[in-house]
Structures are given as C-alpha cells and as structure tokens.
Amino acid sequence: MPGTIELVLIIATIAALLASGLWTERRFACFKELPAHYDFRGEPTRYSSRSVMAWLLPSVFSIMLVVVTVAMSAIPEEVRNGDPLGGVIVCCATFLVAQALILWLHTRWAQRQG
C-alpha cells in the first residue's frame, strides 16, 4: 500500500489534471473544436470536440496513475527495487508535464486564431 506522501502526491496530481480539464473547457469556450493532434512543428493535423479534448488526457492520465499505484501496491515489498516514492514522483511529473505541453500547444494555436 502506498504511504501517506505517495497518496497525497497522487491525489494532488489527479486534482491538478482534472482542474486543467475545467480550465481548458472555460479558456477555449469560444471554440467548438480544438486540435486533437499536432505534428512535430506544433501544427494541428486533426481536430475534435472541445469537451473531448478538455477531458480525454486528464481522465486517461488520472486512470493510468491509479492503475500504476494499484499495480505497485500489488508487488510484494521484498520484490520491489528501490523506493516506490521515486516511481510515483516520476509518473506524476510525467503526466503533469505532458498535460502542460498540450495546454501550451492549445494556447499557442488559439492565439493564432484571432
């Protein structure tokens, strides 16, 4: 079972991810669709509804974080290598940075729309 620090970090990360979905819904309310995919230059190549784009990644990242935590908890302590907190920190940071990148790309795209 994860410790208190891990649970606080996981809950805070999930709250931040879901708050980013709410922020996206409100920030881009004037757009019916948002980019769903970007190429290597940061240019959109596909679009999807604003609601899907606002909630898809935060939801998937939150579910993945819960799955990773449950899977980590299922591994016996004597089998684990290292401190489980390190893995939780890496997962949380990775999901938050990935979401921040998407939000930055959406903001940049929206500014060019006028």
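These remarks concern the structure in this document. (Residues numbered from 1 in each chain as written. Predicted model: local features only at pLDDT ≥ 70, side-chain atom pairs only at ≥ 80, totals over all residues. Heavy atoms only, no water.)

As for its placement among the helices and strands, His37 is situated in strand β1 (residues 33-38). The exposure class assigned to His37 is partly exposed, which follows from its relative accessible area of 34%. Each C-alpha atom of the pair His37 and Leu96 lies 18 Å from the other, and the pair is 59 residues apart in sequence. With near-sequence residues (within four places) excluded, His37 lies in contact with Glu43, Pro44, Thr45 and Arg46. Reaching out from His37, the side chain makes a polar contact with the side chain of Thr45 at a distance of 2.6 Å. (Helix = DSSP H or I, 4+ residues; strand = E, 2+ residues; numbered from the N terminus. Buried < 20%, exposed > 50% of the residue type's maximum accessible area, 1.4 Å probe, protein only. Contact = heavy atoms within 4.5 Å. Polar contact = N/O pair within 3.5 Å; in protein donor to acceptor, adjacent residues only side chain to side chain.)

We now examine a nonpolar patch on the surface. On the surface, Val52, Leu56, Val60 and Met64 cluster together into a nonpolar patch covering about 300 Å² of accessible area. Assignment of secondary structure puts Met64 in helix α2 (residues 50-74). (Patch = residues over 30% accessible without salt bridge, like charges linked within 9 Å, V, L, I, M, F, W, Y side chains within 5 Å. Areas by Shrake-Rupley, 256 points an atom, 1.4 Å probe, with all protein chains shown as cover. Salt bridge = Lys/Arg side-chain N within 4 Å of Asp/Glu carboxyl O.)

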